[in-house]
Amino acid sequence: MARQHKAIALISGGLDSMLAVRVIQEQGIEVEGINFFTGFCVEGHTHAIRNHHKDKEKRNNALWVAEQLGIKLHIVDVIEEYKDVLLNPKHGYGANMNPCLDCKIFMVGKAVEWVKSNHQEGFDFIITGEVIGQRPKSQLKRTMPIIARESGADDILLRPLCAKNLPETLPEREGWVDRAKLYDFHGRNRKPQIALARQYGLNDFATPAGGCCFLTDEKYSSKLVDLWQARHSRDYELDDIMLLKVGRHLRPEPHFKVIVARDAGESKFLEGYRKQYPSLYSTSHNGPMALIDGQFKNHHDVETAASVVARFGQGRTAERVEIELTLPDNGTQNLVVSPLASEAIPAEWYV
Amino acid sequence: MSDHQLDCQRLLCPLPVIRTQNKVKELAVGDTLCVVCTDPGTKNDIPAWARIHGHSLVSIEDKDDLIYIVVRVGA
Ligand code: SF4
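Each chain carries its own residue numbering, running from 1 in the direction its sequence is written. Naming scheme: in the order in which they are written, chains are lettered from A and ligands are numbered from 1. Two thresholds apply to this predicted model, a pLDDT of at least 70 for residue-level local features and 80 or more for giving and counting side-chain atom pairs, whereas whole-chain, interface and lining totals are computed over all residues. Each side-chain value is worked out from all heavy atoms of the structure, with water and hydrogens disregarded.

Chemist: Quick rundown of the domain arrangement of chain A? Include the residues and the values.
Modeler: Examined at the domain level, chain A breaks down into domain 1 (6–214) and domain 2 (246–349). A straight line from the C-alpha centre of domain 1 of chain A to that of domain 2 of chain A covers 41 Å. How far each domain reaches was decided by an automatic or database domain assignment.

Here's what the structure looks like:
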C-alpha cells in the first residue's frame, strides 16, 4: 500500500487556510496545522480585555479552525525572531507598518524548519491558503515564486486554492495530489471561496477585514511609529506592543505618554502593569486606570498627566479631582488637580 | 504518573496555550498539568487545544481572580 502522505498547513484562522486544508484532506492527505504568534496577531484577548466585547465568544480562531477540520495545531511563539522581519523588511511595508511579503517568506520558512526538525513525523509538503491577487502586495502572481524561493520551500509549497494558476509543485508532479482537483481562484472577489465553503458545509468562519494582524491597522501603526520616535530606537518588547492594543494613548510631551483605559475591562488589564509602569487613577471619583510610558521630567509633567486622567473620569466637570500616582519603586503620591477640559487637549496629543 | 503546575498569570492567549503545549511535551502519558491563568480566554483555548491533541480536561476552576485549568496528558 502506498505511504500516507502528510502536509503541514499554515493556519491563520481565516477562511482561506481552512479551505486549503479541506481541499487537500479531500485528496486523502493527512494534514496538521501550524500557527505563528508574532505578538501582533488579532486574537481573542483584545475581546477579552474590552468590556463591550464580553458577549463575543473568546475563542482563538486558529484553534477553532483546527478543531472544525479535525487536525492538530501547533502554535509557535516567534515574537523574538519576528522583530527582524518587522524592523528590517527586505521587501518593504504595505499600506501601514505591515511587512506582508517578508512576513509570508518568514512564516513559510519557519514551516520548512518545522518539517525538517520534525522529520520523524514525515511531512512531505507545506500548504497555505494564499490566493493570487487577494492582497495588494503579498499575494500577487509575481510574489508567489519569491515566497517559495526565499523561504527555502521551493516546490514543496502548494497553494491549493490557486495552484492551477501556478507552475506544478512536487506533490502534483509525484501524483500525491491531483492537480485537476485544485483551484484557480484569483483576485479580490471572495465569492468562489464562499461557494466552496458552502459546498463543504462550513458556514461559521472568521473574515478578517484588513489582514491577519494589527500591523495592517492605520491607528495601530501610527502608535508603533510614535513609540519608536519617542524612544529614538526602532525596537520593542512584548509588553509595548500589547499596550498599543489597549486604551487611549495621549502624548503631551515627547518624553512621556499617558495610556488611559476606555472601560473597566481595560482598567483591570492595565492594573496588571502597575509594577512595571507609573500608574495614575482618581481616588475621589470613579475613573479609569492610566499608565505612563516614558519619564516625567518635572512636576509640571506630573500635573499634566494627572489632569488628563481626571478628564476621563466621572470627576471631569468637578473643580478638583484627587489622583493617586504610584511609581513602581518609589511609593505613591497624592495629587489634587483640575481636570483638563476636552477642548484643552490638543488634537495632536492623541497618538 | 505525576502532577505538575504551570504559571501563566498575566499572559494573554495564545501564550498560555503555547506554554501548555511546550510543557506537555516534557510530560508522560497520564500526568496531570494544572495551568494557572488570568486571561478568561484560556477557559476556551486550553480545552480546545487539549481536545485536538487528544488530552483530556480534568477541571476548570475560578478562585480568587485566578483560573485553574487541569489537563491530563493523553497518548
Ligand atoms: S497581515 Fe500581518 S501577519 Fe498577515 S502577512 Fe501581513 S504582516 Fe504578516
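Chemist: Which residues make up the interface of chain A and chain B, and what values do they have?
Modeler: Contacts between the two partners involve 27 residues from chain A and, on the opposite side, 19 residues from chain B. Once two parts are put together, the accessible area they lose, assessed with a 1.4 Å probe and summed over both, is termed the buried area. Together, the buried faces of chain A and chain B total about 1,900 Å²; carbon and sulfur atoms form 61% of this surface. Counted as salt bridges are all cases of a side-chain nitrogen of Lys or Arg within 4 Å of a carboxyl oxygen of Asp or Glu. In this assembly, chain A and chain B are joined by one salt bridge. The salt bridge partner of R51 of chain B is E67 of chain A, with a shortest N-O separation of 2.4 Å. Two residues form a contact once any of their heavy atoms are found within 4.5 Å.

Chemist: So what's going on with the pattern of salt bridges? Which residues, and what values?
Modeler: All names here are of chain A. Scanning the model with the defined rule gives 20 salt bridges over all chains in all. For K110, the salt bridge identified is with E113, shortest N-O distance 3.0 Å. Of this pair, K110 and E113 both sit in helix α5 (residues 100–117), separated by three residues, roughly a single helical turn. Notably, a salt bridge pairs E130 with R159, separated by 2.9 Å at the nearest N-O pair. On the criterion of sequence distance, the pair formed by E130 in the loop between β4 (125–127) and α6 (143–150) and R159 in the loop between β5 (157–158) and α7 (170–173) is long-range, its members being 29 residues apart. There is no split in this pair, since E130 and R159 are both buried. Three or more residues joined by partner-sharing salt bridges are found here, namely K6, E32 and E121. For helices the rule is a DSSP run of H or I covering at least 4 residues; for strands it is a run of E covering at least 2, with both sets numbered from the N terminus onward. Each residue is placed in one exposure class: buried if its accessible area under a 1.4 Å probe, protein chains only, is under 20% of its type's maximum, exposed if it is over 50%, and partly exposed if it falls in between.

Chemist: Which residues make up the sheet that holds β4 of chain A, and what values go with them?
Modeler: Picture the strands of a sheet paired through backbone hydrogen bonds; they go either parallel or antiparallel. Residues and elements named next belong to chain A. Pairs of strands are assigned from DSSP output, requiring at least two bridges between the strands. Taken together, the five strands give an open sheet; going across it, the order is β3-β2-β1-β4-β5, and neighbouring strands pair in parallel fashion. Among the strands making up the open sheet, the edge pair consists of β3 (73–77) and β5. Strand direction decides the pairing type here: strand β2 (residues 30–37) and β3, joined by five bridges, are parallel. Paired with F37 across the strands is D77, a residue of β3. Seen against the sheet, α5 touches β1 (6–10), β2, β3, β4 and β5 and runs at an angle of roughly 150° to β1. Note on geometry: axes are C-alpha line fits, over the in-contact stretch for helices, and angles between N-to-C directions span 0 to 180 degrees.

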